[in-house]
Amino acid sequence: NKYNVSPETAAKVTVKNRSNAANNPYAHLQMPNITLDYVMSSQTISYPLRLHDCCPQSEGACAIIYANEEEAKKITDTPAWVHAVATAHYYTFGTDDVMYDLPTATIASKKVYKKVGIEDPIKDLDVAEIYEPTSWAELSWTEALGFAEKGKGGDLLNEGISQMGGELPINPSGGVLSTNPIGATALVRVAEAAIQVMDRGEKRQVPDVEKALAMGFGGSLWTELMILGNEPPR
């Protein structure tokens, strides 16, 4: 209501991410032919969330290998380099603005962008794997991450920016909306960002990825962000 965002705009997030998931053999929900009408016709869970605005409960696990530079080069010729990490926690609840605007994502993103010299995330990042347990979360949290102005997250979709082939593809893996192994979900974001940086994404690979952002979320509205790159940090 505050930003006049329509349920149809949120449903477009689901269509994008579950279409992306069709290119990911590890994704839980495989819906290659999903449509906007299909999402909008699903049952209401808690207005404005419909069934297909929500993530599933998946079974799965994720593992990544951390190593120093010398050891990493023994494992692979194309490691994903950790450029920066930032965390923000929020312990006060009870306002709609907190749940929509997610100040922890804003705080953490400012920290991590400063560490690596990112001034315009749309131009300076090549791909983002963000933690969107609902379609609305991707809209609002991309705004909190500085990808769009408040209430304008839908423009990323409508202008093709966050789509595969766009300037900043968001969740080429299909995201949390398509796969949610609770307890491993945030690590999956890191793994998928690393896969993109290492150019191992196969059908879900974004071309020429140099920098990727991974986002974790949970608990007391905490946000954790990691920037990965295909070259060592300078």
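Below or above, wherever it landed, is the structure these notes cover. (Residues numbered from 1 in each chain as written. Predicted model: local features only at pLDDT ≥ 70, side-chain atom pairs only at ≥ 80, totals over all residues. Heavy atoms only, no water.)

### Comments concerning helix α9 (residues 185–197)
Next, step 1: Over its 13 residues, α9 runs 19 Å from end to end, which matches the ideal 18 Å to within 8%, given 1.5 Å per residue.
Next, step 2: Counting buried residues in α9 gives ten out of 13 residues, a clear majority hidden from the surface.
Next, step 3: Turning to α9, its buried residues are Thr185, Val188, Arg189, Val190, Ala191, Glu192, Ala193, Ala194, Gln196 and Val197.
Next, step 4: Those residues of α9 hidden inside the fold are in contact with β4 (127–129), β5 (211–218) and β6 (222–229).
Next, step 5: Of the residues flanking the end of α9, it is Asp199, one or two places downstream, whose phi is positive at about 60°. (Helix = DSSP H or I, 4+ residues; strand = E, 2+ residues; numbered from the N terminus. Expected span 1.5 Å × (residues − 1). Buried < 20%, exposed > 50% of the residue type's maximum accessible area, 1.4 Å probe, protein only. Contact = heavy atoms within 4.5 Å.)

### A few points about the sheet that holds strand β3 (residues 81–88)
Next, step 1: An order of β3-β6-β5-β4 is seen for the four strands of this open sheet, with the pairing classed as mixed. Two strands in the sheet have a free side with no partner beyond their single neighbour: β3 and β4. Adjacent strand axes in the sheet meet at a mean angle of 15°, parallel and antiparallel pairs treated alike.
Next, step 2: Sheet contacts for helix α5 (residues 103–116): β3, β5 and β6; angle to β3, the most-contacted strand, approximately 145°. (Pairing = 2+ DSSP bridges. Axes fitted to C-alpha atoms, helices over the stretch in contact; angles between N-to-C directions.)

### Some remarks on the nonpolar core
Next, step 1: Core analysis: the biggest nonpolar cluster contains 31 residues, and Tyr113, Leu125, Leu145, Phe147, Leu213 and Met215 have the highest contact counts within it.
Next, step 2: If you list the elements that add at least two residues to this core, you get β3, α5, α7 (135–144), β5 and β6.
Next, step 3: Here this core gets four residues from one element, more than from any other, and that element is α5.
Next, step 4: Aside from chain neighbours lying at most four places away, what touches Leu125 is Tyr113, Ile118, Phe147, Glu167, Leu168, Lys211, Ala212, Leu213 and Ile227.
Next, step 5: Formed by twelve residues, the second largest nonpolar core is a distinct cluster that contains Met198, Val209, Met226 and Leu228. (Core = buried A, V, L, I, M, F, W, Y, C linked by side-chain atoms within 4.5 Å.)

### Thoughts on the packing of aromatic side chains
Next, step 1: Summed over the entire model, instances satisfying the criterion amount to two aromatic pairs.
Next, step 2: An angle of 50° between the planes, with centres 4.4 Å apart, marks the rings of Trp141 and Phe217 as tilted. One end of the pair, Trp141, is in helix α7; the other, Phe217, is in strand β5, and 76 residues separate them in sequence.
Next, step 3: Accessibility expressed as a relative area gives 6% for Trp141, which makes it buried.
Next, step 4: Among the residues examined, Phe217 registers a relative accessible area of 15% and is labelled buried.
Next, step 5: An aromatic cluster is present here, built from Tyr131, Trp141 and Phe217 joined pairwise through their rings. (Phe/Tyr/Trp six-rings, centres within 6.5 Å; stacked < 30°, edge-to-face > 60°.)

### Remarks on the packing of helix α1 (residues 7–21) against α7
Next, step 1: Contact geometry of α1 with α7 gives a least axis separation of 7 Å together with a crossing angle of 100°. Considered as vectors, α1 and α7 are oriented roughly perpendicular to each other. Contacts between α1 and α7 involve Pro7, Thr9, Ala10, Val13, Thr14, Lys16 and Asn17 from the former and Ser135, Trp136, Glu138 and Leu139 from the latter.
Next, step 2: Class assignment of the residues belonging to the contact of α1 with α7 gives a composition of five nonpolar, four polar and two charged. (Parallel < 35°, antiparallel > 145°, perpendicular 65-115°, else oblique. Nonpolar A, V, L, I, M, F, W, Y, C, P; charged D, E, K, R; others polar.)

### What about the pattern of salt bridges?
Next, step 1: Going through the model one piece at a time under the given rule, you end up with six salt bridges.
Next, step 2: Lys123 is the salt-bridge partner of Glu167, the closest N and O atoms lying 3.7 Å from each other. Taken together, the positions of Glu167 in the loop between α8 (153–158) and α9 and Lys123 in helix α6 (residues 121–124) put the pair 44 residues apart, joining distant regions of the chain.
Next, step 3: With a closest N to O distance of 3.0 Å, Arg189 and Glu129 form a salt bridge. Of this pair, Arg189 sits in helix α9 while Glu129 sits in strand β4, and the two are 60 residues apart along the sequence. When sorted by exposure, Arg189 lands in the same class as Glu129, which is buried. (Salt bridge = Lys/Arg side-chain N within 4 Å of Asp/Glu carboxyl O.)

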